[in-house]
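Analysis of the macromolecular model
Each chain, written out:
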Amino acid sequence: GIQVEQSPPDLILQEGANSTLRCNFSDSVNNLQWFHQNPWGQLINLFYIPSGTKQNGRLSATTVATERYSLLYISSSQTTDSGVYFCAVEPGTASKLTFGTGTRLQVTL
Amino acid sequence: DTAVSQTPKYLVTQMGNDKSIKCEQNLGHDTMYWYKQDSKKFLKIMFSYNNKELIINETVPNRFSPKSPDKAHLNLHINSLELGDSAVYFCASSLTWSRNSPLHFGNGTRLTVT
């Protein structure tokens with residue numbers, strides 16, 4: 001099956017700093033989504049982004065499908081950004097999302 | 001509030017028991033899912049239903065039986081619970097079965113088997 005690797009696995013930032021999270025995948029995809037799991041365990045959909053660039057407030061995401069990677073940018077990080085960020089992909093040959101192992105982000109004061 | 005809601009939030013039970021988790025969505029979505037998140041936070045799909053019909057059944061023990069009485073509900077019944085079933089179970093939904101449908105999750109049910 002498709003492999004999904006996220007980096008870095010762990011990240012500690014001071015409030016106000018910027019960061020880039022990366023998601024590499026091993027096959028072409030028709031569907032890519034980014035999720036944030038907050039410290040209370042809730043999973044929030046951030047972006048549906050199989051290709052191109054999208055922005056939502058301080059967050060933006062870019063997927064370069066031909067090179068099989070996606071990036072999630074967090075600018076001016078806040079403590080509420082803490083949690084685990086997951087990338088999930090669906091290859092063209094299957095009909096289910098496969099999740100990466102996540103990037104655990106901690107934003108400190 | 002429009003949402004995916006699942007109950008209970010916490011479930012603590014002994015090995016060998018049978019338990020159910022309920023899920024409802026009022027988003028008008030056609031497709032619903034069950035995901036399992038293990039202790040290392042890894043998320044894996046278990047089942048998917050589209051308009052009450054089973055379309056994905058991953059290699060899940062047949063002690064797990066999903067039931068969808070209508071497209072707004074997808075319940076999960078687990079027989080003869082084992083220690084290894086301890087995990088967080090998430091219900092989710094998407095507008096359609098097609099690939100351009102963002103996934104929306106419920107808040108999870110933490111199952112602890114003792």
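Before reading on, note that the structure itself is shown above.
Description of the structure in this document. Just so it is clear, the structure is predicted and the values come from calculations on it, not from any experiment. (Residues numbered from 1 in each chain as written. Chains lettered and ligands numbered in written order. Predicted model: local features only at pLDDT ≥ 70, side-chain atom pairs only at ≥ 80, totals over all residues. Heavy atoms only, no water.)

**So, the sheet that holds strand 7 (residues 64–70) of chain B**
Residues and elements named next belong to chain B. Spatially, 4 strands are ordered 1-3-8-7 in an open sheet, and the strand pairing comes out antiparallel. Edge strands, defined here as strands with exactly one partner in the open sheet, are strand 1 (4–7) and strand 7. Geometrically, the sheet is characterised by an average inter-axis angle of 20° between neighbouring strands, direction not taken into account. Relative to strand 3 (residues 19–25), strand 1 is paired through 4 bridges, and the arrangement is antiparallel. Bridging from a neighbouring strand, S5 pairs with E24 of strand 3. (Pairing = 2+ DSSP bridges. Helix = DSSP H or I, 4+ residues; strand = E, 2+ residues; numbered from the N terminus. Axes fitted to C-alpha atoms, helices over the stretch in contact; angles between N-to-C directions.)

**A closer look at the interface of chain B and chain A**
Between chain B and chain A, the residue contacts involve 17 residues of the former and 22 residues of the latter. For the pair chain B and chain A, the two sides together bury roughly 1,800 Å², of which 56% comes from carbon and sulfur. Along the contact surface separating chain B from chain A lie 1 salt bridge. Taking the shortest distance from any N to any O, the salt bridge between E58 of chain B and K96 of chain A comes out at 2.7 Å. Seen at the junction of chain B and chain A, the total is 6 residue pairs in polar contact (both at pLDDT 80 or more). Counting residues per element, the ones that place at least two in the side of chain B that touches chain A are strand 4 (31–37) and strand 5 (43–50) of chain B. Of the residues that constitute the side of chain B that touches chain A, the class distribution is 10 nonpolar, 4 polar and 3 charged. (Contact = heavy atoms within 4.5 Å. Buried area = accessible area lost by both parts, 1.4 Å probe. Salt bridge = Lys/Arg side-chain N within 4 Å of Asp/Glu carboxyl O. Polar contact = N/O pair within 3.5 Å; in protein donor to acceptor, adjacent residues only side chain to side chain. Nonpolar A, V, L, I, M, F, W, Y, C, P; charged D, E, K, R; others polar.)

**Some points on the environment of V60 of chain B**
Within the secondary structure layout, V60 of chain B lies in the loop between strand 6 (53–57) and strand 7. Here the alpha-carbon distance between V60 of chain B and I45 of chain B, two residues 15 residues apart in the chain, equals 9.5 Å.

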